[in-house]
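If you want the building blocks of each chain, they are given just below.
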Amino acid sequence: MTEAAVTEAPEATSRGENPVDAGPPRSLAGDAWRAMRRNPLFWISSVMILVFVLMATFPSLFTSTDPTEAILQESRALPGQGTWFGRDIQGYDIYARCIYGARASILVGLFTTIGTVAVGGTIGIIAGYAGGIVDTLLSRLGDIFFAIPLLLGAIIFLVSLPATNNYLFIVLKVVGALVVLGWPSLARLMRSSVIQVKPNDYVQAARALGASPFRIVRAHILPNAVAPMIVVATINLGAYISAEATLSFLGIGLQSPAISWGIDISRAIVGLRTTPHMLFFPSLFLSLAVLAFIMLGDAVRDALDPKNR
């Protein structure tokens, strides 16, 4: 230790400061943000997600071609023959459809994630905090929906609803099907987190001071129990994009005139052997979008896990 450090330590102690713990206190979110900033995976996934969000919001930034303009004379054109990615069997520009297809997939993934977090998180908090018969009833209700396979249940749910050509209604149908079948996993996770946080001293102290259950949940339980659900919800967003593409591929989810990666993949099956580029590019965009959200979820998980610090 240098002479200057020795003389500074007594001065800091005389002013009532701790020379070791100098500086403002750091929160869990602050620690997580510092950890994520040092993780290259976080920046790579964030840049990829930003690009896809820009595609969904402002597709004209990436292409000026109309994705619904069909040129039959140029159908099955290979990449580089007038267009970057070639044309599909109906003469549509594959590059333009890949750009515009991001909108439907991102909307379905985002709305489904928000819905499952809202429904599953609320039910999990109520079940974990209330306990007793309320916990039992909500847990058994979640088990019923959890036992239904996601894709099979979504197909039955979508087929039972009336058909329509309204784009927004079709998107909401797919979102509703995925939310109804996707909330139980987040409800289980939130319930477990609440049960772990509820016995802590600061929760008991707030209860002893007469705080209302709503205030205890909002100020003490939710901030300390929501981290695992954020991680899983981020990863699930990529899974819901993949589920939407699967339903559209089967002809159950989004349908024309909507533009979706799943629809284009389904159309490309016809020319799989002779023109594989029609399948390759929509599949590539879909895979990159799912991979980006999964990588972001992994980065958030590593940042929120205290064992990795």
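Residues numbered from 1 in each chain as written. Predicted model: local features only at pLDDT ≥ 70, side-chain atom pairs only at ≥ 80, totals over all residues. Heavy atoms only, no water.

## Brief notes about the pattern of salt bridges
Taken as a whole, this structure holds seven salt bridges when the rule is applied. Linking D143 and R140 is a salt bridge whose minimum nitrogen-to-oxygen distance equals 2.9 Å. Taken together, the positions of D143 and R140, both in helix α5 (residues 132–146) and three residues apart, correspond to about one turn of that helix. The exposure class of R140 is partly exposed, given its relative accessible area of 47%. Residues joined in a network through salt bridges with shared partners are R140, D143 and R188. (Salt bridge = Lys/Arg side-chain N within 4 Å of Asp/Glu carboxyl O. Helix = DSSP H or I, 4+ residues; strand = E, 2+ residues; numbered from the N terminus. Buried < 20%, exposed > 50% of the residue type's maximum accessible area, 1.4 Å probe, protein only.)

## Digging into the side chain of D88
In this structure, D88 sits in the loop between α3 (40–57) and α4 (94–130). Polar contacts involving the side chain of D88 include one to the main-chain amide nitrogen of G91, which spans 3.0 Å. With sequence-adjacent residues up to four places away left out, D88 is seen in contact with S75, R76, I94, R97 and M278. (Polar contact = N/O pair within 3.5 Å; in protein donor to acceptor, adjacent residues only side chain to side chain. Contact = heavy atoms within 4.5 Å.)

## A closer look at α5
Its 15 residues give α5 an end-to-end C-alpha distance of 21 Å, which sits within 8% of 21 Å, the value for a rise of 1.5 Å per residue. Tucked into the core, α5 has its buried residues touching α4 and α7 (167–197). (Expected span 1.5 Å × (residues − 1).)

## Examining empty space enclosed by the protein
Enumeration over the complete set of coordinates arrives at one cavity of 30 Å³ or more. Roughly 70 Å³ of internal volume is contained in the largest cavity. Along the walls of the largest cavity sit D88, I94, R97, C98, D264, R267, A268, M278 and P282, which together make up its complete lining. Where the lining of the largest cavity is concerned, the elements lending two or more residues are α4, α11 (261–268) and α12 (277–304). (1 Å grid on protein atoms, 1.4 Å probe; cavity = no way out; pocket = protein on both sides within 12 Å on 5 of 7 lines; lining within 4 Å. Points joined across faces, edges and corners; volume = space filled by probe spheres on them.)

## Section: α7
Side chains three or four residues apart in an α-helix point the same way, a direct result of the helix having 3.6 residues per turn. Between the first and last C-alpha of α7 there are 43 Å, a value that for 31 residues agrees with the 45 Å anticipated at 1.5 Å per step. The largest bend along α7 measures about 40° and falls at G182, with the proline P184 one to four residues further on. (Bend = angle between axes of the 7 residues up to and from the residue.)

## Observations concerning the nonpolar core
Nonpolar side chains tend to gather and get buried jointly when the protein is soluble and globular. Among the nonpolar cores identified, the biggest contains 37 residues, and F52, F85, C98, I241, W261, F285 and L286 are the most heavily contacted of them. Going through the elements one at a time, α2 (28–37), α3, α4, α10 (227–249), α11 and α12 are the ones with two or more residues in this core. In contact with F52, not counting residues within four places along its chain, are A102, I106, W261, F285, L288 and A289. Counting 18 residues, the second-largest nonpolar core is a separate cluster that includes L158, V171, V179 and L247. (Core = buried A, V, L, I, M, F, W, Y, C linked by side-chain atoms within 4.5 Å.)

## What about a nonpolar patch on the surface?
A cluster of nonpolar side chains, L110, F111, I114, L168 and L172, forms an exposed patch at the surface whose accessible area comes to about 450 Å². Elements represented by at least two residues in the nonpolar patch include exactly α4 and α7. The element best represented in the nonpolar patch is α4, accounting for three residues. Tracing the backbone shows I114 in helix α4. (Patch = residues over 30% accessible without salt bridge, like charges linked within 9 Å, V, L, I, M, F, W, Y side chains within 5 Å. Areas by Shrake-Rupley, 256 points an atom, 1.4 Å probe, with all protein chains shown as cover.)

## Here's the deal with the environment of D88
D88 sits in the buried class, given a relative accessible area of 8%. On a C-alpha basis, the gap between D88 and G271 in space is 8.7 Å, while along the polypeptide they are 183 residues apart. Looking at D88, its side chain comes within polar contact range of the main-chain nitrogen of Q90, at 3.1 Å.

Keep in mind these numbers describe shape, not what the thing actually does.
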